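Chain by chain, the residues:
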Amino acid sequence: MLLRMSTLFLRTLRDDPADAEVPSHRLLVRAGYIRRAAPGGFTWLPLGYRVFRNVERVVREEMDAMGAQEVHFPALLPREPYEATGRWTEYGDNLFRLKDRRGVDHLLGPTHEEMFTLLVKDLYSSYKDLPLSLYQIQTKYRDEARPRAGLLRGREFTMKDSYSFDVDDAGLDRSYAAHREAYIKIFDRLGLDYVIVSAMSGAMGGSKSEEFLHPTPIGEDTFVRSPGGYTANVEAVTTVVPDEIPFDGLPAAHVEDTPDTPTIDTLVAVAQQLFPEAGYTAASTLKNVVVTLVHPDGTREPLVIGLPGDREVDAKRLEAQVAPAEVAPFDDFAKHPLLVKGYIGPQVLGSTNEAKIRYLVDPRVVAGTRWITGANEPGKHVFDLVAGRDFTWDGVIEAAEVLPGDPAPDGSGPLELARGVEMGHIFQLGRKYAEALDLKVLDENGKLVTVTMGSYGVGVSRAVAAIAESTHDELGLVWPRAVAPADVHVVATGKDPAIFEAAEALSQELVTAGLTVLYDDRPKVSPGVKFKDAELLGMPTIVTVGRGLAEGTIEVRDRATGEREEVPVAEAAAAVL
Ligand code: ATP
Ligand code: MG
Ligand code: MG
Ligand code: MG
């Protein structure tokens, strides 16, 4: 493939775009790879789209190699499946919702668990059909609170999402491990540095989930690592809450066994311990659980327990979803102080801060509450809740915020904190979606069993930016060969037709050898401008055909290292290949 600069749809810019905060965004726009089309939405231009497709190809090859099969869903989806799993509401403001001309609700898919579950339910019915892994590479829509950094956080972006279906837990473990291996291969091939961190606190059980974070100071995730190899998203570092929380005169029941995605059964059990006199009803959404306490006098009180770390879910909304008419005002806080303990105890994770506690605590408790300290130091009182009423809660949290030097929960040494961008996420969903949408198959004994699932994502468009971010230098982009829009950039300088003839011949020779060549054949552009462009555009190898030709040489330069070599024309192709 030969790309000629004289006709390529490309304008490089001398100045940084005003709205670009990070180097990858600045450079991808300046080098003419992408253009902003909407808030959080970008148009891929020819060179950018080549990089995108290279990344996509690597992802696709590895997914195919592990035996996953590619399908493709629409992005415009009906409300019902998302209603059935609770996510129509739970997704909150991040979901793009719209109506068709008949007034029927739709959404633009932020991720497709529901649709894959229904597809498999539609076609499969036996354990013999499983295991199965399906994937797609598709446009996703999320109304992110803060679209930023160009492709790194868009409102419309490309994700590879896959879903595994197994009949039992051992099968799910295998599917999860296969995806983990595939992800390692993908990010290795892309040349992207990554750390695999647990995304959920292992100490509390719950489903397994890990993230592939690309370490970079511009990342929005904070993770910890210890010299002994412990790594975790800071959201997932378990904080030990001491047994003797000063709850004077209150029942000693604890919710300590609650896994971090609490099951409804655990919560009902906890509620029964705490309020033996009350009856219970319960409802569960996928990430959050609402237990409604029903007292002997008939009054009802919903207890909302949110999954920490998921700031996008808001407790009020969940409650409304579960029992819109039954939400009684929470007017007697003093009678039920343990509700607060229930929220804060085992639910508090490493990065606890006032905002998070506010989130975890029922908003009605927080209203009318004065925050006395709001401090965030391990071993200190994190906050005191003083309701207008006569109640004080002295919360003591051992490690309210993970600080550098804190011990790793597994004892593997002091923690170091770093920032990263989430490139991939693998997640054992278990049976929640299959249960909500009734995906069952017959097992060996002819009994109906609920399928267990995993879901796995890679940010394809985000990867383009992350690679640019990690490889660029002060002159411009520096693509690794695996994803570069072209293997080599041939620059013809000067006005001598012999130079252009030699450059053309060399380009053709390289193309014949199977390379993609970007050839700067522009006749009236100065060498200075051409070199600047070549540095900005970032092909891995830059070949200059210029004055040296008179002595029978050309220059071959490695864009990443800057190493230059004068090579006889006859050996030029060999030097580049
Ligand atoms: P983040 O923590 O960065 O918001 P996420 O946890 O919400 O990401 P997932 O739902 O796990 O993302 O989606 C799988 C992958 O999709 C992520 O690992 C990331 O690479 C990519 N991704 C998610 N949101 C965006 C976005 N707004 N723009 C670009 N890529 C995204
Ligand atoms: Mg997100
Ligand atoms: Mg995330
Ligand atoms: Mg994620």
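Where an unreviewed UniProt entry is consulted, the chain appears under the name Proline--tRNA ligase, with the organism given as Blastococcus jejuensis.

(A) The arrangement of the overall build of the chain in detail. Looking only at helices and strands, the chain has 16 helices and 28 strands in total. Per-residue burial for the chain yields a buried fraction of 44% across its 577 residues. Of the contacts formed within the chain by residues at least 6 apart in sequence, a portion of 67% connects residues at least 24 apart.

(B) Looking closely at the site of ligand 1. Around ligand 1 sit 15 residues in total, of which Phe 157, His 425, Gly 457, Gly 459 and Arg 462 are the nearest. Counting residues per element, the ones that place at least two in the shell around ligand 1 are strand S9 (156–166), strand S20 (416–430), strand S23 (452–459) and helix H13 (460–471). In terms of residue count, the dominant contributor to the shell around ligand 1 is S20 (four residues). For the shell around ligand 1, the per-class residue count stands at three nonpolar, seven polar and five charged.

(C) Up close: the environment of Pro 540. Within the fold, Pro 540 resides in the loop between helix H15 (527–537) and strand S26 (541–545). Each C-alpha atom of the pair Pro 540 and Ala 486 lies 8.1 Å from the other, and the pair is 54 residues apart in sequence. Sequence-distant contacts of Pro 540, that is, excluding residues within four places in its chain, are made with Trp 479, Pro 480, Arg 481, Ala 484, Asp 487, Arg 559 and Ala 560.

(D) The arrangement of the environment of Ala 505 in detail. Looking at the secondary structure, you find Ala 505 in helix H14 (residues 497–512). With 14 C-beta atoms counted inside 10 Å, the residue Ala 505 sits in the partly exposed group. Through-space distance from the C-alpha of Ala 505 to that of Leu 415 is 57 Å; in sequence the pair is 90 residues apart.

(E) Here's a closer look at the packing of helix H2 (residues 46–65) against H13. Contact pair H2 / H13: the axes reach a minimum separation of 9 Å and the direction vectors enclose 115°. For H2 against H13, the interelement crossing comes out right-handed. On H13, the residues that touch Val 51, Phe 52, Val 55, Glu 56 and Val 59 of H2 are Val 460, Ser 461, Ala 463 and Val 464.

(F) Spatial organisation of the nonpolar core. Judged by nonpolar contacts, the single largest core of 105 residues is most densely connected at Val 55, Met 423, Val 490, Val 543 and Val 545. Once residues within four sequence positions are removed from consideration, Val 545 is found in contact with Val 490, Ala 492, Ile 499, Ala 502, Ala 503, Leu 506 and Ile 554.

(G) Spatial organisation of the confidence of the model for the chain. Mean pLDDT over the chain: 78, with 70% of residues reaching 70 or higher. For residues 239–264, every residue scores under 50 in pLDDT, and the model assigns this stretch 58 contacts once sequence neighbours within four places are set aside. Note on residues 304–387: pLDDT is under 50 here. Beyond four places in sequence and across chains, it has 189 contacts. As scored by the predictor, the complex reaches a pTM of 0.76 and an ipTM of 0.99.

(H) View of the pairing of strand S8 (residues 132–141). As paired strands, strand S4 (residues 69–70) and S8 are joined by two bridges and run parallel to one another. Residue pairing across strands places Gln 69 opposite Leu 134, the latter belonging to S8. Relative to S9, S8 runs antiparallel, the two being bridged by ten bridges. For Lys 140, the partnering residue across the bridge sits in S9 and is Phe 157.

What counts, and at which threshold
Throughout this description, residue numbers start from 1 for each chain and increase along the sequence as written. By the order in which they are written, chains take letters starting at A while ligands take numbers starting at 1. Where totals are concerned, whole chains, interfaces and linings use all residues; where local detail is concerned, this predicted model gives features only for residues with pLDDT of at least 70, and gives and counts side-chain atom pairs only at 80 or more. To qualify as a helix, a DSSP run of H or I must reach at least 4 residues; to qualify as a strand, a run of E must reach at least 2; elements of each kind are numbered from the N terminus. Residues with at least 20 neighbouring C-beta atoms inside 10 Å of their own are called buried, those with 12 or fewer are called exposed, and the rest are partly exposed, where every C-beta is derived from the backbone. Residue pairs qualify as contacts under a 7 Å threshold applied to their C-beta atoms, which are placed from the backbone. Near, for a residue, is defined by distance from a backbone-placed C-beta atom to a molecule or strand, with 6 Å as the limit that must not be exceeded. Think of it as three bins: nonpolar holds Ala, Val, Leu, Ile, Met, Phe, Trp, Tyr, Cys and Pro, charged holds Asp, Glu, Lys and Arg, and polar takes everything else, Gly as well. To get an axis, fit a line to the C-alpha atoms, keeping to the stretch in contact for a helix; angles then go from 0 to 180 degrees between the N-to-C directions. By convention the crossing between two helices is left-handed if the near helix lies anticlockwise of the far one by an angle smaller than a right angle, and right-handed if it lies clockwise. Any nonpolar core is a set of buried residues, restricted to Ala, Val, Leu, Ile, Met, Phe, Trp, Tyr and Cys, that join up through C-beta atoms within 7 Å. The pLDDT value expresses, per residue, how confident the predictor is, ranging between 0 and 100. When DSSP locates at least two bridges between a pair of strands, those strands are taken to pair.

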